[in-house]
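Per-entry structural report
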Amino acid sequence: MSRRTLWGIGSARAFRVHWALQELGLDYQTKPVRTRTPAMETPEFQLVSPRKKIPVFEDGGLKLFESCAIVSYLARTYGAGDKQLMPIDAAGQARCDEWSYFVATELDGTSLYVIRRHGDLSEIYGESSVAVDCAGEYFVRQVAVPEAEMADGRPYLLGEQFTMADIFLTTCLTWGIRYEQPVPELLLAYRVRMTERSAYKSAFSICYPDI
């Protein structure tokens, strides 16, 4: 039995962790807990996650909750040889972190999750067309930043190397498409390339078994 366990399927944030684990070729157990389902109310899950959120990742005695922190931990701990999710030099790692934080804050938290909170989850957080519209406008402005970065024809966000920043960006582009946000053509093509990776497909089959 693997020492690594990932709690969570069926969400973009859980998918990021599945994808990273697959890219690194790591063995792990999957606990198929979905957000806002009775599985979150079980004593077993609440013992692991008192905040009742996914993903939760356990590696021996370590327990982590935030998807970006989990993927960063995996990249730093298990990247080796031809299986790396960030550059090996300090400057490259800083750039990888910079883009990862950008995607997590500007595209995910400030844009797309606002749309989700006051759209799909309006019965919980309240309906606000103003908040949704403003978040959509902000998404358009911010998604133009990685578009400009990749206008030189580079295959990945940091250049020639696939990194965790690509995992974060791809999941947000998918999320943006789902919410009918205008994703630039260059990034649509980039997303197609990312979804053709074998690790992406393996992670997708685990995280979204019903699709």
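For the structure itself, consult the block above.
Residues numbered from 1 in each chain as written. Predicted model: local features only at pLDDT ≥ 70, side-chain atom pairs only at ≥ 80, totals over all residues. Heavy atoms only, no water.

**Here's the deal with the nonpolar core**
What counts is decided by this rule: The criterion is simple. A nonpolar core is a set of buried Ala, Val, Leu, Ile, Met, Phe, Trp, Tyr and Cys residues joined through side-chain atoms within 4.5 Å. Any residue under 20% of the maximum accessible area for its type is buried, any over 50% is exposed, and the rest in between are partly exposed; the area is computed with a 1.4 Å probe on protein chains only. Each helix is a run of H or I in the DSSP string that is no shorter than four residues. Each strand is a run of E no shorter than two, and both are numbered from the N terminus.
Ranked by size, the top nonpolar core spans 53 residues in total, and within it W19, L21, L74, L85, L107 and M164 carry the most contacts. When residues of this core are traced back to their parent elements, those giving at least two are α1 (12-24), α3 (67-78), α4 (90-118), α6 (129-149), α7 (164-178), α8 (185-195) and α9 (198-207).

**Some thoughts on the packing of aromatic side chains**
Filter applied, for reference: Each Phe, Tyr or Trp ring (for Trp, its six-membered ring) is paired with any other whose centre lies within 6.5 Å, and the angle between the two planes then decides the class: stacked below 30 degrees, edge-to-face above 60, tilted in between.
One pass over the full model with this rule turns up 13 aromatic pairs. On the basis of an interplanar angle of 80° and a centroid distance of 5.5 Å, the ring pair of W99 and F102 is categorised as edge-to-face. Of this pair, W99 and F102 both sit in helix α4, separated by three residues, roughly a single helical turn. The residues W99 and F102 share a single accessibility class, namely buried. Ring centres 6.2 Å apart and planes at 45° place the aromatic pair W175 and Y179 in the tilted group. For W175, a relative accessible area of 8% corresponds to the buried category.

**Considering the packing of α4 against α6**
Let me state the cut-off plainly: To obtain an axis, a line is fitted to C-alpha atoms, over the contacting stretch when the element is a helix, and the angle between two such axes runs from 0 to 180 degrees between their N-to-C directions. Oblique is the label for every angle not falling under 35 degrees (roughly parallel), over 145 degrees (roughly antiparallel), or within 65 to 115 degrees (roughly perpendicular). When the near helix sits turned anticlockwise from the far one by under a right angle, the crossing is termed left-handed; a clockwise turn instead gives a right-handed crossing. Any two residues whose heavy atoms approach within 4.5 Å are treated as being in contact. Amino acid classes used here: Ala, Val, Leu, Ile, Met, Phe, Trp, Tyr, Cys and Pro are nonpolar; Asp, Glu, Lys and Arg are charged; the rest, including Gly, are polar.
Close contact between α4 and α6 brings their axes to 8 Å; oriented N to C, the two are set at 155°. When the axes of α4 and α6 are compared, the pair comes out roughly antiparallel. Crossing hand, α4 versus α6: left-handed. Residue-level inspection shows R95, W99, F102, E106, L107, T110, S111, L112, V114, I115 and H118 of α4 in contact with α6, the latter providing A131, V132, A135, G136, Y138, F139, Q142, V143, V145, P146 and E149. Here the contact of α4 with α6 is built from residues that sort into 14 nonpolar, five polar and three charged.

**Considerations on the environment of R191**
Following the sequence through the fold, R191 ends up in helix α8. A C-alpha to C-alpha distance of 17 Å links R191 and L112, two positions 79 residues apart in sequence. For R191, the contacting residues outside a window of four places in its chain are T170, L173, T174 and I177.

**Description of the pairing of strand β3 (residues 56-59)**
Using the following cut-off: The pairing criterion is simple: DSSP has to find at least two bridges between the two strands.
Neither face of β3 is left uncovered, since the one carrying V56 and E58 and the one carrying F57 and D59 both have all their residues buried. Examined bridge by bridge, strand β1 (residues 4-7) and β3 share four bridges and lie antiparallel to one another. Bridging from a neighbouring strand, R4 pairs with D59 of β3. Pairing of β3 with strand β4 (residues 62-64) involves three bridges; the strand directions are antiparallel. Residue pairing in the sheet places E58 in a bridge with K63 of β4. Counting the residues between successive antiparallel strands, the hairpin from β3 to β4 contains two residues, one of them, G60, with a positive phi of roughly 65°.

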